[in-house]
There are 2 protein chains.
Amino acid sequence: MQSTTKKTEERRLEIIKTAEKLFKENGYRNTPIDAIIKEMGVAKGTYYYYFKSKEDVLAAIVEYQLNLIVQTVEQIANDTSLDALTKMRLLLSGSHIGDEDTGEIVEQLHLPVNRELHEVTNIQTVLRLSPIFAKIVEQGNRENVFNTRYPLETIQFLLTGGQFLLDGGLFNFSKQEIIDRRLAMQEIVEKALGAEPRTFDFMNNKLFEEENNE
Amino acid sequence: MQSTTKKTEERRLEIIKTAEKLFKENGYRNTPIDAIIKEMGVAKGTYYYYFKSKEDVLAAIVEYQLNLIVQTVEQIANDTSLDALTKMRLLLSGSHIGDEDTGEIVEQLHLPVNRELHEVTNIQTVLRLSPIFAKIVEQGNRENVFNTRYPLETIQFLLTGGQFLLDGGLFNFSKQEIIDRRLAMQEIVEKALGAEPRTFDFMNNKLFEEENNE
DNA sequence: AAAACTTGACTGACGGTCAGTCATATGGTA
DNA sequence: TACCATATGACTGACCGTCAGTCAAGTTTT
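Described below are features of the structure shown in this document. None of these values were measured; they are calculated from a predicted model. (Residues numbered from 1 in each chain as written. Chains lettered and ligands numbered in written order. Predicted model: local features only at pLDDT ≥ 70, side-chain atom pairs only at ≥ 80, totals over all residues. Heavy atoms only, no water.)

**A look at the packing of helix α8 (residues 115-142) of chain A against helix α9 (residues 151-167) of chain A**
All names here are of chain A. Look at α8 against α9: their axes get within 8 Å of each other, and the N-to-C directions meet at 135°. Relative to α9, the element α8 lies oblique. Our pair here, α8 against α9, has a crossing hand that is right-handed. In the contact of α8 with α9, the residues fall into 13 nonpolar, seven polar and one charged. (Axes fitted to C-alpha atoms, helices over the stretch in contact; angles between N-to-C directions. Helix = DSSP H or I, 4+ residues; strand = E, 2+ residues; numbered from the N terminus. Parallel < 35°, antiparallel > 145°, perpendicular 65-115°, else oblique. Left-handed = near helix turned anticlockwise from the far one by under 90°. Nonpolar A, V, L, I, M, F, W, Y, C, P; charged D, E, K, R; others polar.)

Written as structure tokens, this is what we have:
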């Protein structure tokens, strides 16, 4: 029973990973299920034994990626030895939150062809991360580095803005436009959370290191 | 020649309106082009004479609706007799920006079935309204009621948050959750624009009048 | 033997194409 | 003015290819 379950889980994961790869290469719409099963060398029915629809595997991909991220974020958020600002720095310094897993493929993600992928990811990201971040904000309130009346709602708003406007790949901004928006976002975050100006400088650290690369 | 051209425009609009109606009733995906042409009593080819794809008419619907809104917004924004805060009040008081045209149908729009409709609408709304609002913010800076370093980027962030989180129908929030988020949003807007607290009270006026209805 | 898993041919829906029809307009000719 | 030829734009609907999803039957595992 255990080995079966494990095997089943493996198959499921194999489909997820294969689909993820193909979706990122060619886009969700341009990837027929036939392509996935051909790549895997299995029959159509096998796919539908594990997933009930095409969208279903999309949701699974997002859930899988997001679980990894949530794990990391939660670990930091729950570390009682860290103050709120340190937690924020660890979570937000460098580039986007979602980068950890997707990493080098991020470029491909920005194809207009991948709207479906983004859409689901963005919404889920906001919904799952906001309660965790809200805890940190509350901690920051207690530590007197933040001053926020509605921690959850505020962080949810900020995450939404950041996710959809910057990380989501929905808007096709140029490199410079992204920089401008990230700088503005830092100010908005500081003001919204009631933190001192420049408290969130770490959000844009890497921006200037990489600025001259292209 | 003129009458021909006009007739052409009418047909195009007829398709847009028919498609809009069916999309809102049954969702974008669940509305085959065959349904649109059947409703109109024309042939498939007629549709493709005016639109090159199914997505094409979606974009046209959004463009049409948005043009109406942009017109209204621009009129207020360009009124030299109004100060920035009055403009903001006129544009933001009451409920969502996008309500003017969609109005009573808003409920239907919240079906999960209409993601495609939202997505395009949301993005376009942000892109087209942000430069106009930015002008108002700059005016507010000059009038010393606002204090914003990055007017365009800030307003774009705020619009994105508001649009996707609240107006977009992407998140299925309950009535109470929406109220909480709108209250939080007011504070964020005030802080981000550097306005005095409660300056944007008008954003949530109608909230409390309607609160007891359901 | 039962249950879990796999197969792949098949179906139906649907987006999109295209050769062709028809009414009206334009314009040349006598 | 009457007549014919040519062009144009709107429209038709049969047809095609793709693809998500089904299912009855087979194979493997427990």
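There is more to say, and it comes next.
**Describing the protein's contact with DNA strand D**
Taken together, 19 residues are adjacent to DNA strand D, and Thr8, Arg11, Thr46, Tyr49 and Tyr50 of chain B come closest. Across the atoms of DNA strand D situated within 4 Å of the protein, the share located in sugar and phosphate is 67%. In the environment of DNA strand D, a phosphate oxygen lies 2.5 Å from a nitrogen or oxygen atom belonging to the side chain of threonine 46 of chain B. Within the residue set of the surface near DNA strand D, elements represented by two or more residues are α1 (2-26) and α3 (44-50) of chain A together with α1 (2-26) and α3 (44-50) of chain B. When residues of the surface near DNA strand D are assigned to their parent elements, the largest contribution, five residues, is made by α3 of chain B. In terms of residue class, the surface near DNA strand D is built from seven nonpolar, eight polar and four charged. (Near = heavy atom within 4 Å. Polar contact = N/O pair within 3.5 Å; in protein donor to acceptor, adjacent residues only side chain to side chain.)

**Observations concerning the environment of glutamine 71 of chain A**
All names here are of chain A. Positionally, glutamine 71 belongs in helix α4 (residues 54-77). Look at glutamine 71 and you get exposed, because its relative accessible area is 53%. Measuring from C-alpha to C-alpha, the distance between glutamine 71 and leucine 82 comes to 17 Å, with 11 residues separating the pair along the chain. (Buried < 20%, exposed > 50% of the residue type's maximum accessible area, 1.4 Å probe, protein only.)

**Remarks on the relation of the copies chain B and chain A**
Overlaying chain B with chain A gives an RMSD of 0.2 Å, the required rotation being 180° about an axis along which the chain moves by 0.0 Å. The two molecules are tied by a two-fold rotation axis, judged by turn and shift. Minimal C-alpha separation from the rotation axis in chain B is found for glycine 161 of chain B, amounting to 2.3 Å. Both copies share a contact surface, since 100% of the interface residues of chain B are interface residues in chain A too. (Least-squares fit on C-alpha atoms with pLDDT ≥ 70 in both. Contact = heavy atoms within 4.5 Å.)

**Comments concerning the interface of chain B and chain A**
Taken together, the 33 residues of chain B in the interface contact 34 residues of chain A. Between chain B and chain A, a total of about 3,300 Å² is buried, with carbon and sulfur atoms accounting for 66% of that surface. Counting every contact that joins chain B to chain A gives four salt bridges. A salt bridge links arginine 149 of chain B to glutamate 187 of chain A; the nearest nitrogen and oxygen atoms lie 2.7 Å apart. Put simply, chain B and chain A have eight residue pairs in polar contact (both at pLDDT 80 or more) between them. (Buried area = accessible area lost by both parts, 1.4 Å probe. Salt bridge = Lys/Arg side-chain N within 4 Å of Asp/Glu carboxyl O.)

**Section: the environment of glycine 169 of chain B**
Counting through the fold element by element, glycine 169 of chain B comes out in the loop between α9 (151-167) and α10 (175-193). Between the C-alpha atoms of glycine 169 of chain B and glutamate 153 of chain B, which are 16 residues apart in sequence, the distance is 23 Å.

**Concerning the packing of helix α5 (residues 84-92) of chain B against helix α8 (residues 115-142) of chain B**
If you want to describe how two helices pack, look at the angle between their axes and the distance between the axes. Residue and element names in this part refer to chain B. Direction vectors running N to C along α5 and α8 enclose 145°, while the axes themselves pass 8 Å from each other. Residues Ala84, Lys87, Met88, Leu91 and Leu92 of α5 form the contact with α8, whose own contacting residues are Phe133, Ile136, Val137, Gln139 and Gly140. Within the contact of α5 with α8, the residues separate by chemical class into seven nonpolar, two polar and one charged.

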